[in-house]
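The residues making up each chain are set out below.
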Amino acid sequence: MYRIIEKKKLTPESVFLRVEAPRIARRRRAGQFVILRIDETGERFPLTIVDSDPEEGTITLVAQEVGTSTKKLGRLKEGDSILDVTGPLGHPTEAENWGRVACLAGGIGVAEVLPVVKEIRAAGNFTQAIIGARNQDLVILEDELREAANELYITTDDGSYGRHGLVTEVLHDLINDGAIPDRVYAIGPLPMMRAVADLTRPYDIPTIVSLNALMVDGTGMCGSCRVTVGGETKFTCVDGPDFDGHQVDFEELGKRQKIYIPQEKCSLERFELSASGANVKE
Ligand SMILES: Cc1cc2nc3c(=O)[nH]c(=O)nc-3n(C[C@H](O)[C@H](O)[C@H](O)COP(=O)(O)OP(=O)(O)OC[C@H]3O[C@@H](n4cnc5c(N)ncnc54)[C@H](O)[C@@H]3O)c2cc1C
Ligand code: FES
């Protein structure tokens, strides 16, 4: 069992958790993730390890409450425990001294990009974090990113905070102004990562995307996280989550992300009904 030491709401839709997991806290590196199962009836689902404290034996997770498992997680309280936390999983993010690196993130990807920015800056790079949210209320971890990156740019879809527009527009302007990054890293919704890869392709800027494929076992055995990269089949959990964005078949990945939508919808309706006290039959 993995005890929740600290819990706070970051926005109405996202939750920050510090969880006791000493072995994972000692071994974890930037870009890696865990697979959680909240209770005996819960599904397995992945979350990035946003930070860790090896001395204290804790890891930090940030989850956007989109469906049954993440909403269940969001309802746990400090002192409650999570049944299983497996990890650290996946390859750590590669970090060399490339020069200037732009790290783009959208939505909950902002939490996932924080350890990457820290790692890439520690390797000697000038880091430009470009983060986006739908509106001001959904901007998360601004102070942490301002401290972690050399420069921070914020965009909102509705213009309520930062620049009105998309993160790709900031990158486009940087490139046009001659501040061409030596490498780009993108994490967030699939359409956003695809747009970043499309933008950097003509300039030949190496572009890494962190893929959020559907995962179950996290060990390369079940095949649910299969993606096509450069015409080859890869498993996001063991070969990724980071891949060359110019080689990813986003079309196929987008279709695979949607295959369980009817089941996810049904599961969420049942969860919300039972959380409201209604008697839901198995
Ligand atoms: C390597 C990796 C790291 C991730 N890190 C984070 C993170 O730090 N914070 C965060 O909020 N989210 C993260 N995600 C996404 C998170 O796993 C899903 O949002 C979560 O599984 C949704 O489950 P649910 O039951 O709440 O929602 P559901 O209703 O089951 O699903 C909602 C949507 O989430 C996606 N999803 C569902 N199940 C999975 C699954 N098992 N694996 C991956 N995606 C799934 C699908 O697109 C689905 O349509 C990460 C995903 C991956 C692959
Ligand atoms: S999650 Fe099963 S193969 Fe990757």
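Residues numbered from 1 in each chain as written. Chains lettered and ligands numbered in written order. Predicted model: local features only at pLDDT ≥ 70, side-chain atom pairs only at ≥ 80, totals over all residues. Heavy atoms only, no water.

**Some words on the site of ligand 1**
- Around ligand 1 sit 24 residues in total, of which Pro46, Gln64, Thr70, Met215 and Glu264 are the nearest.
- One of the side-chain N or O atoms of Glu43 is found 2.8 Å from an oxygen atom in ligand 1.
- Backbone polar atom of Gly67 to an oxygen atom of ligand 1: 3.2 Å apart, as the coordinates give it.
- The protein chains hide 88% of the 840 Å² of surface that ligand 1 would expose on its own. (Near = heavy atom within 4 Å. Polar contact = N/O pair within 3.5 Å; in protein donor to acceptor, adjacent residues only side chain to side chain. Areas by Shrake-Rupley, 256 points an atom, 1.4 Å probe, with all protein chains shown as cover.)

**Observations regarding the pairing of strand β15 (residues 226-229)**
- Summarising the sheet, β15 and strand β16 (residues 232-235) pair through four bridges and their orientation is antiparallel. When the sheet's bridge partners are listed, Thr228 is paired in β16 with Thr233.
- Turn length for the β15-β16 hairpin, with the two strands adjacent in sequence and antiparallel, is two residues, and the turn residue Gly230 shows positive phi of about 60°. (Pairing = 2+ DSSP bridges. Helix = DSSP H or I, 4+ residues; strand = E, 2+ residues; numbered from the N terminus.)

**Focus: the domain arrangement of the chain**
- As far as domains go, the chain holds domain 1 (2-89), domain 2 (93-208) and domain 3 (211-282).
- Taken together, the contact between domain 1 and domain 3 spans 12 residues of the former and 12 residues of the latter.
- Buried surface at the junction of domain 1 and domain 3, summed over both partners, amounts to about 980 Å²; 63% is from carbon and sulfur atoms.
- At the junction of domain 1 and domain 3, the tally comes to zero salt bridges.
- Elements that contribute at least two residues to the side of domain 1 that touches domain 3 include exactly β3 (33-37) and α2 (68-75).
- Of the residues forming the side of domain 1 that touches domain 3, the biggest block, four residues, is contributed by α2.
- When grouped by side-chain class, the residues that make up the side of domain 1 that touches domain 3 number five nonpolar, three polar and four charged. (Domains from an automatic or database assignment. Contact = heavy atoms within 4.5 Å. Buried area = accessible area lost by both parts, 1.4 Å probe. Salt bridge = Lys/Arg side-chain N within 4 Å of Asp/Glu carboxyl O. Nonpolar A, V, L, I, M, F, W, Y, C, P; charged D, E, K, R; others polar.)

**Details of the packing of α2 against helix α9 (residues 261-275)**
- Across the interface, α2 lies against α9 with an axial gap of 9 Å and an inter-helix angle of 30°. Judged on the interaxial angle alone, α9 and α2 are roughly parallel. Seen from α2, the contacting residues are Thr68, Lys71, Lys72 and Arg75; seen from α9, they are Glu264, Ser267, Leu268, Phe271, Glu272 and Ala275. (Axes fitted to C-alpha atoms, helices over the stretch in contact; angles between N-to-C directions. Parallel < 35°, antiparallel > 145°, perpendicular 65-115°, else oblique.)

**Here we look at the nonpolar core**
- Leu104, Ile130, Leu171, Met193, Leu211 and Phe250 are the most contacted members of the largest nonpolar core, which has 33 residues in total.
- Mapped by element, the contributors of at least two residues to this core are β3, β9 (100-106), α5 (167-176), β13 (183-187), α6 (190-200), β15 and α8 (250-257).
- Tallying contributions element by element places α6 first for this core, with six residues.
- Setting aside its immediate chain neighbours within four residues, Leu171 contacts Ala102, Leu104, Ile130, Pro181, Val184, Val196, Leu199 and Thr200.
- The next biggest cluster of nonpolar side chains, apart from the first, holds 29 residues, and it includes Val62, Val110, Val117 and Leu145. (Core = buried A, V, L, I, M, F, W, Y, C linked by side-chain atoms within 4.5 Å. Buried < 20%, exposed > 50% of the residue type's maximum accessible area, 1.4 Å probe, protein only.)

**Comments concerning the pattern of salt bridges**
- What the rule picks out here adds up to 17 salt bridges.
- Ionic pairing is found between Glu6 and Lys8, a salt bridge with its closest N-O pair at 3.9 Å.
- When its relative accessible area of 21% is taken as the criterion, Glu6 is described as partly exposed.
- Its relative accessible area of 38% is what places Lys8 among the partly exposed residues.
- Among the charged side chains, a salt-bridge network with shared partners connects Glu6, Lys8, Arg18 and Glu56.

**As for the pairing of β3**
- Counted residue by residue, β3 has four buried out of five residues, so it is predominantly covered.
- Across four bridges, β3 lies against strand β4 (residues 45-48) in antiparallel orientation. Pairing of Leu36 across the sheet is with Phe45, part of β4.
- Pairing of β3 with strand β8 (residues 84-89) involves four bridges; the strand directions are antiparallel. Each bridged residue has a counterpart across the sheet, and for Phe33 the counterpart in β8 is Leu89.

**Looking at unusual backbone geometry**
- At the junction of Gly87 and Pro88, the peptide bond is cis and its omega measures out at 0° in the coordinates.
- Of note, Pro88 is situated in strand β8.
- The peptide bond linking Gly240 to Pro241 adopts the cis configuration, its omega dihedral lying at 10°.
- On the secondary structure map, Pro241 appears in the loop between α7 (236-239) and β17 (242-244).
- Here the phi dihedral of Leu141 falls at roughly 55°; this positive angle occurs in a residue that is not glycine.

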